[in-house]
Amino acid sequence: MTDASDEPRRIVFTGAAGGIGTMIRPLLAPLYPGLVLSDRVKPVNLLAGETFVAADLAKPDEVVAAVKGAHSVIHFGGFSVEGPWDTLLQANIIGCYNLFEAARLAGVRRVVFASSNHAVGFYPRKRKIRTDVTVRPDSRYGVSKAFGEALGALYADKHGMAVTCLRIGNVGPCPLDVRRLSIWISPEDIVQLIRIGLEHPDIRFDVLYGASDNEASWWDNSRARRLGYRPTGKAEDHRAYAVAEQEKVGRDPVGDLFQGGSFCSAEFTNDVKRAGP
Ligand code: 15L
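Residues numbered from 1 in each chain as written. Predicted model: local features only at pLDDT ≥ 70, side-chain atom pairs only at ≥ 80, totals over all residues. Heavy atoms only, no water.

Draft legend 1. Structural detail: the packing of helix H1 (residues 19–31) against helix H6 (residues 187–199). Packing of H1 against H6 leaves a shortest axis separation of 9 Å and a crossing angle of 45 degrees. Viewed along their axes, H1 and H6 adopt a mutual orientation that is oblique. Here H1 runs over H6; the crossing is right-handed. Mapping the contact onto sequence places Met23, Ile24, Leu27, Leu28 and Leu31 in H1 and Pro187, Glu188, Ile190, Val191, Ile194 and Arg195 in H6. A per-class count over the contact of H1 with H6 returns 9 nonpolar, no polar and 2 charged. (Axes fitted to C-alpha atoms, helices over the stretch in contact; angles between N-to-C directions. Helix = DSSP H or I, 4+ residues; strand = E, 2+ residues; numbered from the N terminus. Parallel < 35°, antiparallel > 145°, perpendicular 65-115°, else oblique. Left-handed = near helix turned anticlockwise from the far one by under 90°. Contact = heavy atoms within 4.5 Å. Nonpolar A, V, L, I, M, F, W, Y, C, P; charged D, E, K, R; others polar.)

In structure tokens, the structure reads:
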């Protein structure tokens, strides 16, 4: 899968101190020796071969400095849940623009962008969706991720950057509730997808679902499979745990209808019959 012409390469990983970053750093370190971690705060316990450069995504100069000399960027930085507009504006809209623009200036060849299932969260659970559906964000956060995907397409088409957007479900050791049985992804599987984004020679602009091999999946991830993705995680192996956790939470009359769950029901003032496609 390695694109030989891509060597040698400096890879910058934004959001390295965040939740997903912390989970996958030990898996990335042996694959990409010399990985450059970036975040606002330094992650604890740098691993052998890792280096760190501090950057606030909302500050263009800091982002330019962080990606200088990079061949590829794994862009997982930003705000990772719903929040106030100004927070998302700075971290995910301006921050994502700063990242792509700094990457262009630095001649970065590949970007793997952490998008989210919340870019399409208002699709009903009873519908299986492909990656080319119209975005239906379920939150300001989801809108910010749709914006990031659009920016990725722009930089791919206009500047030839190879951009992979991962519409991530929920990363962790196991699915945390019944909804996550459909969208869960193991740390090992997300690393597999990142590797495709960093190395596959056919990538120009792609949106892939960040999900393991989940029987209850709502997503058609055939493009990822065509690119070689062979997920090993299976949400069903954890069904008993997910169902037990769900019982503690109870029902959400709006969120339970849609893929985005509680992101859909939060601040919801519509009639459910009029929501979603
Ligand atoms: C996300 O995009 C969030 O980053 C994560 O914290 C979870 O809320 C996840 O989606 C989810 O949908 O479970």
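Draft legend 2. Quick peek at helix H2 (residues 60–67). When H2 is considered as a whole, its buried residues turn out to be Val63, Ala66 and Val67. Looking down the long axis of H2, one finds its buried residues gathered within 85 degrees of arc, a one-sided arrangement. Of the surrounding elements, those touching the buried residues of H2 are strand E1 (11–14), strand E2 (36–39), strand E3 (51–54), strand E4 (72–75) and helix H3 (85–106). (Buried < 20%, exposed > 50% of the residue type's maximum accessible area, 1.4 Å probe, protein only. Arc of directions from axis to C-beta.)

Draft legend 3. Representation of the nonpolar core in the model. Grouped together as the largest cluster of nonpolar side chains are 28 residues, with contacts concentrated most on Phe13, Leu28, Ile74, Phe76, Leu166, Ile190 and Ile194. Mapped by element, the contributors of at least two residues to this core are E1, H1, strand E5 (110–116), strand E6 (162–168) and H6. Top contributing element to this core by residue count: H6, with 6 residues. With near-sequence residues (within four places) excluded, Phe76 lies in contact with Phe13, Thr14, Gly15, Ile20, Ile24, Val112, Ala114, Leu166, Ile168, Ile190 and Ile194. Ala70, Leu99, Phe100 and Met161 belong to the second-largest nonpolar core, a separate cluster that totals 22 residues. (Core = buried A, V, L, I, M, F, W, Y, C linked by side-chain atoms within 4.5 Å.)

Draft legend 4. Fine view of the sheet that holds strand E9 (residues 205–210). Strand order across the open sheet formed by 7 strands is E3-E2-E1-E4-E5-E6-E9, with parallel pairing between neighbours. On the outer flanks of this sheet lie E3 and E9, each paired with one strand and no other. Recorded for the sheet is a direction-independent mean angle of 20 degrees between the axes of neighbouring strands. Where E6 meets E9, 6 bridges bridge the pair, whose relative direction is parallel. From the neighbouring strand, Cys165 faces E9, where its bridge partner is Val207. (Pairing = 2+ DSSP bridges.)

Draft legend 5. Focus on the site of the ligand. With respect to spatial proximity, the complete set of residues near the ligand consists of Ser80, Val81, Ser116, Asn117, His118, Tyr141, Gly169, Asn170, Arg179, Arg180, Ile183 and Phe263. Here Ser116 contributes a side-chain N or O atom positioned 2.8 Å from an oxygen atom of the ligand. Summarising the interface, the protein chains cover 83% of the accessible area of the ligand, which totals 320 Å² for the free molecule. Per-element accounting of the shell around the ligand gives the leading share, 3 residues, to helix H5 (residues 178–183). Residue composition of the shell around the ligand, grouped by class: 4 nonpolar, 6 polar and 2 charged. (Near = heavy atom within 4 Å. Polar contact = N/O pair within 3.5 Å; in protein donor to acceptor, adjacent residues only side chain to side chain. Areas by Shrake-Rupley, 256 points an atom, 1.4 Å probe, with all protein chains shown as cover.)

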